[in-house]
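Here is how the chains run, residue by residue.
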Amino acid sequence: MSVEPQPTLDNVFPRQEIAVDIACVGFGPAMGGFLTTLTNGFTTEAGSALQSTVSPGMPPQVICYERADDIGFGVSGVVTRARGIRKAFPDLDCSQIPMAVPVKHEKLLYLLDPLGASRRSRTLRLADLAIRALGRILPFEQHALELPYIPPFMRKHDGIVMSIGQFNQWIGSQLMSTGLVQIWPAMPVSEPLIERQAVVGIRLADQGVDKTGEPQAGFMPGMDVRAQLTVVGDGPVGAVGRAIDRKFGMPEGHSRNDWAVGMKMVIELPEPSSLDPGTVLHTFGFPEPEIFGFLYVHPDRLASVGIFVPSWLPNCSRTAYRYLQHYIQHPYLWRHLNGGTLRSWGAKSLQESGRRGEPLLAGDGFARIGEGSGSTNVLTGSGVDEAWTTGTLLAEGVLELLREGKPFTRGNLESAYVGRRRKSWIDRESQIAEDARNGFHHGVIAGLLGMALAGFSRGRFSFAHNPQLAGQQIGPPELFYERRLSPDQIAEIRNRAEINNMPFHDALMSASGWPEIQHDGQLLITHQDALLMGGKVQAPLGYADHVRFINPELCRQCIDKTCVSMCSGQAITRGGNAIPGFDREKCVYCGACLWNCPQANVEFHAGAGGLHSAEN
Ligand SMILES: Cc1cc2nc3c(=O)[nH]c(=O)nc-3n(C[C@H](O)[C@H](O)[C@H](O)COP(=O)(O)OP(=O)(O)OC[C@H]3O[C@@H](n4cnc5c(N)ncnc54)[C@H](O)[C@@H]3O)c2cc1C
Ligand code: SF4
Ligand code: SF4
């Protein structure tokens, strides 16, 4: 008896398939570096050109897919020494890139707490008392101590202040004008195509589906893009890189446990402003001692101001937006910002495990570049130039293999790319930085000491590594607020928040001494208004939810619900039945829910949209 073949999605809605030479995932600084060096090498001075193997007679076919709706929708500070970027553009003129300017003044500041609301250890409180007492003879003003010296490993004095969105746009338009590469925004890549232990291309996300991914009217299965080489530069929380990690595993002893969420605002400074373009302030100490911050001044009275909320801040009530609002109101900064206007804001995760989080850099048919490949240096506080340079190193290796007609096997990529990377300044500096931040697992003072130890000893001395998962570094409120609130008070705040359907984390912060934010409708605006400003939330129809809660029962039993308080876009809510809800239209795609859940109960897929701005 013959059995009728069952219809499957793939034969009812056949997937389109194309073949290219090189498929690229994500367009950030790493991919900018890769594609710039690659396309520069396609044609030699003698005019002979490399040829495509899939379209003979043509140059190699290179296609890059970016999930955000525009290639200029990155989120980052940025001050960068731009060593790699300048190598690619020796005559770089900052005035060609909107919002870019050479660094002019640089300061490192310890911010004291003018409100008495942050959680400071006894040692830090004693240090604060001493600083205030000696304030007249120290460079101390507006509750901030200017450190007389910036360690050489942190200095950016020869660098550039930029907007990553503008930089990406600038690079992208140069690349597209060569006609040698196609860059497609609004195209999330859902997964790598893996056959017989090799990556053979990528699959784009399905469209015309409901929240759960089920086909609806207008269903369009994501195209398969088959490629000889897949270059993965999908940043810290990229779904493609993580799928490769799951399939091939991480190198022995490597893991990604240290993270931060960086949230920033672009502020139009009030007129007149005494802040010169090119001014760079690095801060620590406030709003919590664990939170580092920055203020970078661009031309035309614009400033980027932001904070990093790290995984080792042991506070489940970790709302970056509220912390950022308190940060900008620190008297040292507020005197420059008060009266300014919020132009845009954004948030994004940073992978802070550095070299220890380095995945398999290359395998049969694929190579990894950028922050997802462990390039960000947590000692120098630098990620853009490192990401860019990993891209250029891969491109040099790929050009070598193309010229020699060698296939993109693991062995060939290891010698052409990984070998180059191991000999580069990226690798040397990442070794020094490897254990630089371990001290923060033992407290802020130990953390700062550890950075100094590692930096000055060139990595020879540091604190021991704590292999705790990021989500498990976050403690319950009863512990974090023990000096200010009793467990009974916390229980009551929790009850009241639940009955009134108010955010628990906000109520907790207010009860523990943080003043309510006095909204001025201009710079201090509600989180909801920030999401709506300028129409910058983008959630195109027809895509599945990219955030999912794996085991609802775990959520039901979870009391603290860190995923709700830390969500950068208020996209995760308490939901019904104690299971969080997810609203894609509010998700800014920061990726922080992936690593903040103590139970690792969140799936984070490739998604379209997000809240970004070309000024970020
Ligand atoms: C607030 C903040 C401030 C910072 N300040 C500085 C600073 O002052 N100096 C500095 O050097 N660094 C700074 N950084 C770090 C820096 O931004 C990163 O190290 C750098 O952007 C990494 O570049 P990348 O190309 O590896 O990744 P990304 O810039 O993250 O780019 C990856 C791209 O891939 C896309 N992508 C992801 N998944 C997919 C998918 N499935 N399909 C298609 N596309 C996908 C993403 O949308 C993104 O555009 C800061 C970061 C933040 C968040
Ligand atoms: S995802 Fe579930 S388990 Fe994780 S923090 Fe949120 S509610 Fe708790
Ligand atoms: S739901 Fe979206 S905005 Fe919220 S933490 Fe996750 S990625 Fe960020």
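(A) Just the domain arrangement of the protein, in detail. Assigned domains of the protein: these are domain 1 (19–84 + 165–207 + 223–255 + 365–431) and domain 2 (440–468). Domain 1 and domain 2 are separated by 32 Å when their C-alpha centres are compared.

(B) Layout of the site of ligand 2. Contacts to ligand 2 come from Phe549, Cys555, Cys558, Lys561, Thr562, Cys563, Pro580, Cys597, Pro598, Gln599, Asn601 and Val602. Of the residues that constitute the shell around ligand 2, the class distribution is eight nonpolar, three polar and one charged.

(C) Local environment of the packing of helix 14 (residues 487–499) against helix 15 (residues 504–511). Relative to each other, helix 14 and helix 15 sit at 140 degrees, their axes nearing to 9 Å. By the angle between their axes, helix 14 is oblique relative to helix 15. The element helix 14 and its partner helix 15 pack so that their crossing is right-handed. Here Ile490, Ile493, Arg494 and Ala497 of helix 14 lie close against helix 15, whose contacting residues are Phe504, Ala507, Leu508 and Ala511. Per-class residue counts for the contact of helix 14 with helix 15 are seven nonpolar, no polar and one charged.

(D) Local environment of the site of ligand 3. Near ligand 3 lie 14 residues; those nearest to it are Cys567, Cys587, Cys590, Gly591 and Cys593. In the shell around ligand 3, the residues fall into 11 nonpolar, three polar and no charged.

(E) Geometry of helix 10 (residues 410–422). Look at helix 10: only 16 Å from first C-alpha to last across 13 residues, short of the 18 Å you get at 1.5 Å a residue. If you look at helix 10, its biggest bend is around 25 degrees, right at Ala416. Of the positions making up helix 10, those classed as buried are Asn412, Leu413, Ala416, Tyr417, Val418 and Arg421. Buried-residue contacts for helix 10 involve strand 14 (224–232), strand 20 (362–363), strand 21 (366–368), helix 9 (384–404) and helix 11 (425–433).

(F) Highlighting the packing of helix 2 (residues 29–40) against helix 5 (residues 164–178). At their nearest, the axes of helix 2 and helix 5 sit 10 Å apart, and the two run at 25 degrees to each other. Between helix 2 and helix 5, the crossing angle belongs to the class labelled roughly parallel. Pair helix 2 / helix 5 crosses with left-handed handedness. Within the contact between the two elements, helix 2 uses Pro29, Gly32, Leu35, Thr36 and Thr39 and helix 5 uses Ile164, Asn168, Ile171 and Leu175. Broken down by class, the residue content of the contact of helix 2 with helix 5 amounts to five nonpolar, four polar and no charged.

(G) Main features of the sheet that holds strand 8 (residues 160–161). The strand order across the open sheet formed by three strands is 3-8-4, and the pairing between neighbours is antiparallel. A single partner strand is all that each edge strand has here, and the edge strands are strand 3 (79–80) and strand 4 (101–102). As paired elements, strand 3 and strand 8 share two bridges and run antiparallel to each other. The partner of Thr80 across the bridge, within strand 8, is Ile160.

Definitions and cut-offs
Residues numbered from 1 in each chain as written. Chains lettered and ligands numbered in written order. Predicted model: local features only at pLDDT ≥ 70, side-chain atom pairs only at ≥ 80, totals over all residues. Heavy atoms only, no water. Domains from an automatic or database assignment. Near = heavy atom within 4 Å. Nonpolar A, V, L, I, M, F, W, Y, C, P; charged D, E, K, R; others polar. Axes fitted to C-alpha atoms, helices over the stretch in contact; angles between N-to-C directions. Helix = DSSP H or I, 4+ residues; strand = E, 2+ residues; numbered from the N terminus. Parallel < 35°, antiparallel > 145°, perpendicular 65-115°, else oblique. Left-handed = near helix turned anticlockwise from the far one by under 90°. Contact = heavy atoms within 4.5 Å. Expected span 1.5 Å × (residues − 1). Bend = angle between axes of the 7 residues up to and from the residue. Buried < 20%, exposed > 50% of the residue type's maximum accessible area, 1.4 Å probe, protein only. Pairing = 2+ DSSP bridges.

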